[in-house]
Structure formats: structure tokens, C-alpha cells
Amino acid sequence: MPVKLRVVNSKNPNATFQVLKTPYVIGRHKDCDIRINSPQVSVRHSAIVLRDGKPFARDLDSTNGTRVNGVPVHSGDDRELRDGDKLWVGPVLIEIAYEVSVDILGADDSCDYSDTQMYVPALPRPAPKSGGEPPKTERSPKPT
């Protein structure tokens, strides 16, 4: 299941990252997947780990801790992340978002199709009004 991480309190309002590998490391080091420039974030602070298609938060023995929805994540005790969960990496707030994919075919797959006519069912005609004229249709001549 594709997972996106949105850094809520970033200076860039569009700071969104897609987890494409495991572990997906968050920290200050230049080799981290999400690099956070804050002295309160450890060099390798935390990680998102994918197991059985589900994302888990893992603290990497950080100084200022990792929390999910305000509850601390202890080293060695991964916490499952659900859609909408809030992940705190030191002072940084990250929102978890699951992407629902409807693409069943792969990017390199193709599918054949044939042209078809769109079927539009005929609508029932309204009942004639009492005491009068028959209903006008597209074929009726316009009154003069």
C-alpha cells in the first residue's frame, strides 16, 4: 500500500514524500530519505519500515524521541501507522496518508479496446396535459 508522508510544520507547504523503500530513514544526515535540518533531530532519528504491506514507525535510538499520536515509540518496539496518524520526529510533525490505488495494470502494461457507441436509454415521454395540446416533441412543427 503506497504511503505518503506530509511534513505539516515545514516551511514548504508542499513537503510531501512517498515511501518507496524500507527502511525509509528520517534524520539530519545527508543520506537520509527525509533530511531535517534541526539540532533537535538526530543524525538518523527514525525510520518507516514496511512489513506485510503495512508501514511501521521505528525509533533509531534518537535523543529527542519519536512519537505516534503523542505516544512514544521505544527502540525495538515498532508502531503500526494508520492513515491520518501523526508522527513526531523530535519537533517535526509528519502526517501519514495512505494512497488508494486503482491502477490494476502496471506502468508498462497495455490494454486493447474497441470503439463502442455510448448507450443512452430513451427517457419516457411525459403524460399529456389534461384539456389540451399534445406534448411537443423535437419532430413537432413550431407554432406560427
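Residues numbered from 1 in each chain as written. Predicted model: local features only at pLDDT ≥ 70, side-chain atom pairs only at ≥ 80, totals over all residues. Heavy atoms only, no water.

Engineer: Account for the overall build of the protein chain, with residues named and values stated.
Structural biologist: The number of helices and strands found in the protein chain is zero helices and 11 strands. Of the regular secondary structure in the protein chain, the N- to C-terminal order runs β-β-β-β-β-β-β-β-β-β-β. Every one of the 144 residues in the protein chain was classed for burial, and the buried ones make up 26%. Long-range pairs, those at least 24 residues apart, make up 34% of the contacts in the protein chain between residues at least 6 apart in sequence. Working note: accessible area of the protein chain is about 10,900 Å², and carbon and sulfur atoms make up 51% of it. (Helix = DSSP H or I, 4+ residues; strand = E, 2+ residues; numbered from the N terminus. Buried < 20%, exposed > 50% of the residue type's maximum accessible area, 1.4 Å probe, protein only. Contact = heavy atoms within 4.5 Å. Areas by Shrake-Rupley, 256 points an atom, 1.4 Å probe, with all protein chains shown as cover.)

Engineer: Just give me the short version of the confidence of the model for the protein chain, but keep the residues and values in it.
Structural biologist: The predicted model of the protein chain averages 79 in pLDDT, with 67% of residues at 70 or higher. For the stretch residues 102–106, pLDDT sits under 50, and the model shows two contacts to residues farther than four places along the chain or on other chains. Segment residues 110–120: pLDDT under 50, and two contacts once partners within four positions in sequence are set aside and those in other chains are kept. (pLDDT = per-residue confidence, 0-100.)

Engineer: Which residues make up the sheet that holds strand β4 (residues 34–35), and what values do they have?
Structural biologist: A sheet is described by the order of its strands in space; here five strands give the open sequence β4-β3-β5-β6-β9, paired in mixed fashion. In this open sheet, the two strands that pair with only one neighbour each are β4 and β9 (79–80). Here strand β3 (residues 24–27) runs beside strand β5 (residues 46–51); their pairing, made up of three bridges, is antiparallel. When the bridges of β5 are listed, V25 appears paired with A47. (Pairing = 2+ DSSP bridges.)

Engineer: With reference to specific residues and values, describe the side chain of T66.
Structural biologist: Tracing the sequence through the fold places T66 in strand β7 (residues 66–68). For T66, a relative accessible area of 1% translates into the label buried. At a separation of 2.6 Å, a polar atom in the side chain of T66 contacts the side chain of D59. Residues within four places of T66 in sequence aside, it is in contact with H45, S46, D59, V71, P72, V73, L87 and W88. (Polar contact = N/O pair within 3.5 Å; in protein donor to acceptor, adjacent residues only side chain to side chain.)

Engineer: So what's going on with the packing of aromatic side chains? Which residues, and what values?
Structural biologist: On inspection of all chains with the given rule, the structure shows zero aromatic pairs. The side chain of R51 reaches across the aromatic face of F56, ending 4.0 Å from its centre. (Phe/Tyr/Trp six-rings, centres within 6.5 Å; stacked < 30°, edge-to-face > 60°. Lys NZ or Arg CZ within 6 Å of the ring centre and 35° of its normal.)

Engineer: Which residues make up the sheet that holds β7, and what values go with them?
Structural biologist: One open sheet accounts for six strands, arranged β2-β1-β11-β10-β7-β8; its pairing is antiparallel. Edge positions in the sheet fall to β2 (16–19) and β8 (71–73), since each has one partner strand and no second. The mean inter-strand angle of the sheet, taken between neighbouring strand axes irrespective of direction, is 30°. Direction of pairing for β7 relative to β8: antiparallel, over a ladder of three bridges. The residue of β8 that forms the bridge with T66 is V73. (Axes fitted to C-alpha atoms, helices over the stretch in contact; angles between N-to-C directions.)

Engineer: Can you break down the pairing of β3 residue by residue, with the values?
Structural biologist: Of the two faces of β3, the one lined by Y24 and I26 and the one lined by V25 and G27 are each fully buried. Taken together, the two bridges between β3 and β4 define a ladder with parallel strand orientation. For I26, the partnering residue across the bridge sits in β4 and is I34.

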